[in-house]
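Overview (structure and organization)
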Amino acid sequence: MMKVVDKKEKMEKGIDDLLGDRHEWVDMEKKEIGNGENQTGARIAKRTFKPGVVVSEFDVNFLDEGKCRKYLLEIFYPEGARCPICGKLVPEKSVQRFWENKKMKCPYCGKFYFATSKTVLSAKKLSFRQIYLIALFLGLGVNPYKIAELVGCDKKIVYYWRGYFEGLEVKHG
Ligand SMILES: [Zn+2]
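Quick caveat, the model's predicted, so the values are computed rather than measured.

This part covers the overall build of the protein. Counting its secondary structure elements, the protein contains 7 helices and 6 strands. Its helices and strands in sequence order give the protein the pattern α-β-β-β-β-α-α-α-β-β-α-α-α, from N to C terminus. Within the protein, the fraction of its 173 residues that count as buried is 14%. A sequence separation of at least 24 residues applies to 48% of the contacts in the protein between residues at least 6 apart.

The following block contains the structure:
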C-alpha cells in the first residue's frame, strides 16, 4: 500500500530521502584474531561518498569563522571601519581589532561597541558562519526546517532572517 505523505512532511524530510541513507552496512569477513579464535558477525558502517552522506554529516565547523566574519563585516562597512554610534573612522591602530569584532572604545564619542553593534548581525546570538549559512541556504531555496537543522539553530531564527531579507527586497524593489 502506498504511504500518503503530506506536503509538509515531504518538505521536512527533504534531501535525505532523495539522496539515500547515510551508511551502508557491511558484514565483516570471518577473521582469525589469534589463538585460533574467530571474530564473527561484526558489522561495520562503511561510509560512502555521496551527497546524502555529506548532507547528513554537515557541520558548520567546515566553514572558516574568520572568513565569514570578514565577508559579512565588509558588506556592512563598505567604506571601511567606522564607529557604528558616531560614524567616525576607526583610527589605524585599532582597525584590526574592529575587523576581528573585538570590543572597541571610540576615541571620539567615548562609547564602547563592537563592529556588529547596531547592525542586524547582532540581532540574534549566532556566529558569523551561522549567519552566512542561513543566507546561503535561503538563497538556494532550502526549507527553513532543514536550514535550522544544518546550521544548528532554532527555526524561529531562520524565519527571522528570512523576514529580514524579504524586508530588504520590499525596500529595494
Ligand atoms: Zn564613536
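What follows covers the packing of helix 5 (residues 128-139) against helix 6 (residues 144-151). The contact between helix 5 and helix 6 brings their axes to 10 Å, and the two run at 150 degrees. The orientation of helix 5 relative to helix 6 falls into the category roughly antiparallel. Considering only the axes of helix 5 and helix 6, their crossing is right-handed. Residues Gln-130, Leu-133, Ile-134, Phe-137 and Leu-138 of helix 5 pack against Ile-147, Leu-150 and Val-151 of helix 6. Residue composition of the contact of helix 5 with helix 6, grouped by class: 7 nonpolar, 1 polar and no charged.

On to the environment of Phe-58. Counting through the fold element by element, Phe-58 comes out in the loop between helix 2 (51-56) and helix 3 (65-76). Accessibility expressed as a C-beta count within 10 Å gives 14 for Phe-58, which makes it partly exposed. For the pair Phe-58 and Glu-149, spaced 91 residues apart in sequence, the C-alpha to C-alpha distance is 9.8 Å.

It is worth spelling out the nonpolar core at this point. Core analysis: the largest hydrophobic core is formed by 15 residues, its most contacted members being Ile-131, Ile-134, Ile-147, Val-151 and Val-158. In terms of residues, this core owes the most to one element, helix 5, which gives 5 residues. Filtering out sequence-adjacent residues up to four positions away, Val-151 remains in contact with Val-60, Gln-130, Leu-133 and Ile-134. Membership of the second largest hydrophobic core comes to 6 residues, among which are Ala-81, Cys-83, Val-90 and Phe-98.

This part takes up helix 6. What helix 6 keeps buried is the set Ile-147, Leu-150 and Val-151. Viewed end-on, helix 6 has its buried residues packed into an arc of 85 degrees, placing them on one side of the element. Remark: Gly-152 follows helix 6 within two positions and exhibits a positive phi of approximately 80 degrees.

This next bit is on the packing of helix 3 against helix 5. Orientation of helix 3 relative to helix 5, taken along the N-to-C sense of each, is 65 degrees, at an axis distance of 8 Å. Relative to helix 5, the element helix 3 lies roughly perpendicular. Classified by chirality, the crossing of helix 5 by helix 3 is left-handed. Residue-level contacts link Glu-65, Cys-68, Arg-69, Tyr-71 and Leu-72 of helix 3 to Phe-128, Arg-129, Ile-131 and Tyr-132 of helix 5.

So, on to unusual backbone geometry. The backbone phi angle of Asn-101 is positive, close to 60 degrees, even though this residue is not glycine. Here Asn-101 shows up in the loop between helix 4 (95-99) and strand 5 (104-105).

Okay, the environment of Leu-73 next. Mapped onto the elements of the fold, Leu-73 is located in helix 3. When the C-alpha atoms of Leu-73 and Asn-101 are compared, they prove to be 8.7 Å apart, with 28 residues separating the residues in sequence.

The next thing to look at is the confidence of the model for the protein. Detailed reading of the predicted model is not advised wherever pLDDT is low. With 73% of its residues at a pLDDT of at least 70, the protein reaches an overall mean of 84. Taken as a whole, residues 1-7 scores under 50 in pLDDT and shows 1 contact with residues more than four places along the chain or in a different chain. The low-confidence segment residues 9-22, where pLDDT is below 50, has 21 contacts with residues more than four positions distant or belonging to other chains.

Thresholds, definitions, all that
- Residues numbered from 1 in each chain as written.
- Predicted model: local features only at pLDDT ≥ 70, side-chain atom pairs only at ≥ 80, totals over all residues.
- Helix = DSSP H or I, 4+ residues; strand = E, 2+ residues; numbered from the N terminus.
- Buried ≥ 20, exposed ≤ 12 C-beta atoms within 10 Å, placed from the backbone.
- Contact = placed C-beta atoms within 7 Å.
- Axes fitted to C-alpha atoms, helices over the stretch in contact; angles between N-to-C directions.
- Parallel < 35°, antiparallel > 145°, perpendicular 65-115°, else oblique.
- Left-handed = near helix turned anticlockwise from the far one by under 90°.
- Nonpolar A, V, L, I, M, F, W, Y, C, P; charged D, E, K, R; others polar.
- Core = buried A, V, L, I, M, F, W, Y, C linked by C-beta atoms within 7 Å.
- Arc of directions from axis to C-beta.
- pLDDT = per-residue confidence, 0-100.

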